[in-house]
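Topology and contacts: notes
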There are 2 protein chains.
Amino acid sequence: MKNTKISNAVIKRLPRYRRYLIELEKKGVEKISSKEFSNMIGYTASQIRQDLNNFGGFGQQGYGYSVTGLREEIDAILGLDREYRMVILGAGNLGHAIANYTKTLTGGFKLCGVFETNPDLIGKMQDGMEIQNYDNIVDFVEKEKIDIGIICTNKESAQEAADKLCFAGVKGIWNFARVDIEVPKHVALEIVHLSDSLHALAYHMNDIKKKEKGSKK
Amino acid sequence: MKNTKISNAVIKRLPRYRRYLIELEKKGVEKISSKEFSNMIGYTASQIRQDLNNFGGFGQQGYGYSVTGLREEIDAILGLDREYRMVILGAGNLGHAIANYTKTLTGGFKLCGVFETNPDLIGKMQDGMEIQNYDNIVDFVEKEKIDIGIICTNKESAQEAADKLCFAGVKGIWNFARVDIEVPKHVALEIVHLSDSLHALAYHMNDIKKKEKGSKK
């Protein structure tokens with residue numbers, strides 16, 4: 001693997017490659033050319049070759065890519081060849097939603113605990129897991145060797161939750177709270193704003209409507 | 001508003017501007033310079049000016065932006081100044097998660113119904129809403145004037161679900177199914193791959209680890 005700096009855009013495309021490769025594996029396809037892969041995935045063949053060359057390139061000119069080989073390489077690049085132990089902070093609607101969602105995840109992502117400050121929720125069962133007291137989060141992260149903290153708190157509590165998780169030793173934060181948070185440099189941060197995606201959808205819907213009106217004039 | 005083609009990258013940044021503007025409004029801030037806004041949001045002042053110039057620009061040189069004025073303009077651009085009626089297809093873990101999530105949405109996004117093919121789930125109450133029979137989706141969309149269909153089905157059913165929703169007349173599809181789907185040109189499509197975000201997080205965690213190891217040599 002080349003040790004060059006890989007752009008965020010490439011990193012964002014790799015999981016997409018991986019999804020298509022898994023589909024191909026399921027269908028028993030062993031080899032695929034960048035041209036065929038391009039038709040399937042909707043990027044140009046040149047884009048695909050360029051992306052994969054970031055990692056030294058796996059295809060041999062004229063022979064195509066080994067589907068399983070490429071998928072395994074991408075797994076290794078993304079670090080999906082190991083287990084990730086996760087906790088959720090915040091057991092409200094959002095935390096409940098994400099806890100539910102983690103059940104549908106494939107690979108080594110394992111939800112180990114859900115934590116909450118609200119005394120009405122602590123001790124209750126939610127999706128087969130007892131909601132734990134937020135006060136115990138640091139001990140739990142240390143003892144259970146938690147890698148990833150998923151923040152599903154309200155905006156006001158998100159930064160404090162992140163500080164506590166980082167102090168306790170998580171290596172990554174997956175933030176669903178509706179606020180941008182800061183973490184130390186040695187901790188990775190990935191932010192999901194579902195509402196941003198919904199707002200973009202609203203924009204595109206209105207954009208199409210405007211164009212339709214325009215073309216009727 | 002200028003009638004130029006606005007890039008997807010700008011569209012993706014507008015909801016972020018909007019979130020910060022709402023925070024400022026809550027704090028009672030009326031005006032903000034692009035410099036101050038830049039410090040807050042983490043883009044360069046020049047990037048912000050350039051983005052907002054796409055829409056004709058709202059700031060007056062030396063006077064800064066009107067916080068509420070700018071937020072209202074962004075609302076209008078994104079089409080958030082109206083109601084969107086939504087249905088969810090698929091009441092499994094993922095659909096349940098997203099139904100829960102929609103409760104936390106601000107603005108005009110309204111979940112009107114949840115539909116399912118599984119007879120064990122149809123008729124059950126989920127988060128205060130009765131799960132309806134998928135067979136009735138077309139009638140419901142027409143009668144209830146549904147704008148957005150949210151696809152939370154399994155991969156195998158996603159394209160058929162999208163076809164049915166588009167036939168029934170939705171104007172936008174928000175796809176959470178783990179497969180890429182196609183829609184007619186007059187329908188907007190926005191895809192969420194939460195797992196892509198989690199995989200990117202795993203990559204960044206491993207990247208940081210590699211660098212730490214490298215620097216210890």
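All of these numbers come straight from a predicted model, not from anything done at the bench. The numbers attached to residues start from 1 for each chain and follow its sequence in the written order. By the order in which they are written, chains take letters starting at A while ligands take numbers starting at 1. Since the coordinates come from a predicted model, pLDDT governs what is reported: local features require at least 70, and pairs of side-chain atoms require 80 or more to be given and counted, while whole-chain, interface and lining totals use all residues. Side-chain metrics rest on all non-hydrogen atoms present in the structure, leaving aside hydrogens and water.

1. Things to note about the nonpolar core
The set of buried Ala, Val, Leu, Ile, Met, Phe, Trp, Tyr and Cys residues whose side-chain atoms join them within 4.5 Å is what this entry labels a nonpolar core. We call a residue buried when its accessible area falls under 20% of the maximum for its residue type, exposed when it is over 50%, and partly exposed in between, using a 1.4 Å probe and counting protein chains only. Among the nonpolar cores identified, the biggest contains 99 residues, and I148 of chain A together with I148 of chain B are the most heavily contacted of them. Two residues form a contact once any of their heavy atoms are found within 4.5 Å. Apart from the residues lying within four places of it in its own chain, the contact partners of I148 of chain B are L198, L201 and M205 of chain A together with Y84, R85, M86, V87, F109, V170, G172 and W174 of chain B.

2. Considering the sheet that holds strand 6 (residues 129-133) of chain B
Residues and elements named next belong to chain B. Pairing between strands is defined by DSSP: at least two bridges between them are needed. Under the scheme used here, helices are H or I runs from DSSP no shorter than 4 residues and strands are E runs no shorter than 2 residues, and both carry numbers assigned from the N terminus. The strand order 5-6-4-3-7-8-9 describes an open sheet built from seven strands, whose pairing is mixed. Since the sheet does not close on itself, it has two edges, and those belong to strand 5 (125-126) and strand 9 (188-191), each with one partner. Inspection of the sheet shows strand 3 (residues 84-89) paired to strand 7 (residues 148-151) by four bridges, in the parallel sense. If you follow L89 over to strand 7, its bridge partner there is I151. Contacting strand 3, strand 4 (109-116), strand 5 and strand 7, helix 5 (residues 93-102) crosses the sheet at an angle of about 160° to strand 3. Under this scheme, a helix contributes an axis fitted over its contacting stretch, all axes are lines through C-alpha atoms, and angles between N-to-C directions fall in the 0 to 180 degree range.

3. Looking at the relation of the copies chain A and chain B
Overlaid copies result from least-squares superposition on C-alpha atoms, with residues included only where pLDDT is at least 70 in both. Each copy superposes on the other: chain A lies on chain B with an RMSD of 0.0 Å after a rotation of 180° and an axial shift of 0.0 Å. These values place the two chain copies in the arrangement generated by a two-fold rotation axis. When C-alpha positions in chain A are compared against the rotation axis, the closest is assigned to A97 of chain A, at 1.9 Å. Comparing contact sets, 100% of the residues at the interface of chain A also lie at the interface in chain B, consistent with an isologous, same-surface contact.

4. A closer look at the pairing of strand 4 (residues 109-116) of chain A
Residues and elements named next belong to chain A. Of all the eight residues making up strand 4, seven are buried; the element is thus mostly covered by neighbouring parts of the structure. Of the pairings in the sheet, the one linking strand 3 (residues 84-89) to strand 4 comprises six bridges and is parallel in character. Bridge pairing in strand 4 links Y84 to F109. In the classification by handedness, the crossover that spans strand 3, the intervening helix 5 (residues 93-102) and the parallel strand 4 is right-handed. Sheet topology places strand 4 next to strand 6 (residues 129-133); three bridges connect them, and they run parallel. In the sheet register, V114 faces strand 6, and the bridge partner there is I131. Classification remark: right-handed applies to a crossover when, strands pointing away from the viewer, the course from the first strand over the helix to the second runs clockwise.

5. Quick notes on the packing of aromatic side chains
Two rings from Phe, Tyr or Trp (for Trp, the six-membered ring) form a pair when their centres are within 6.5 Å of each other. A pair whose planes differ by under 30 degrees is stacked, one over 60 is edge-to-face, and the rest are tilted. Following the criterion strictly, the structure yields 10 aromatic pairs over all chains and no others. Between F115 of chain A and F140 of chain A, the aromatic rings sit 5.0 Å apart at their centres with planes inclined by 65°, giving edge-to-face as the arrangement. Note that F115 of chain A is positioned in strand 4 and F140 of chain A in helix 6 (residues 137-143), a separation of 25 residues in sequence. Note on accessibility: F115 of chain A and F140 of chain A belong to one class, buried. Both rings, one in Y17 of chain B and one in Y43 of chain B, keep their centres 5.8 Å apart while their planes meet at 85°; by these two values the pair is edge-to-face. Here Y17 of chain B, found in helix 1 (residues 8-26), pairs with Y43 of chain B, found in the loop between helix 2 (34-41) and helix 3 (45-53); they are 26 residues apart in sequence, far enough to count as distant. Three or more aromatic residues link up through ring pairs in this structure, and these residues are Y17, F37 and Y43 of chain A. Only Lys NZ and Arg CZ are tested; either one counts as a charge over a ring when it is within 6 Å of the ring centre and within 35 degrees of the ring normal. Across from the ring centre of Y43 of chain A, 5.9 Å away, lies the NZ or CZ of R13 of chain A, which sits over that ring.

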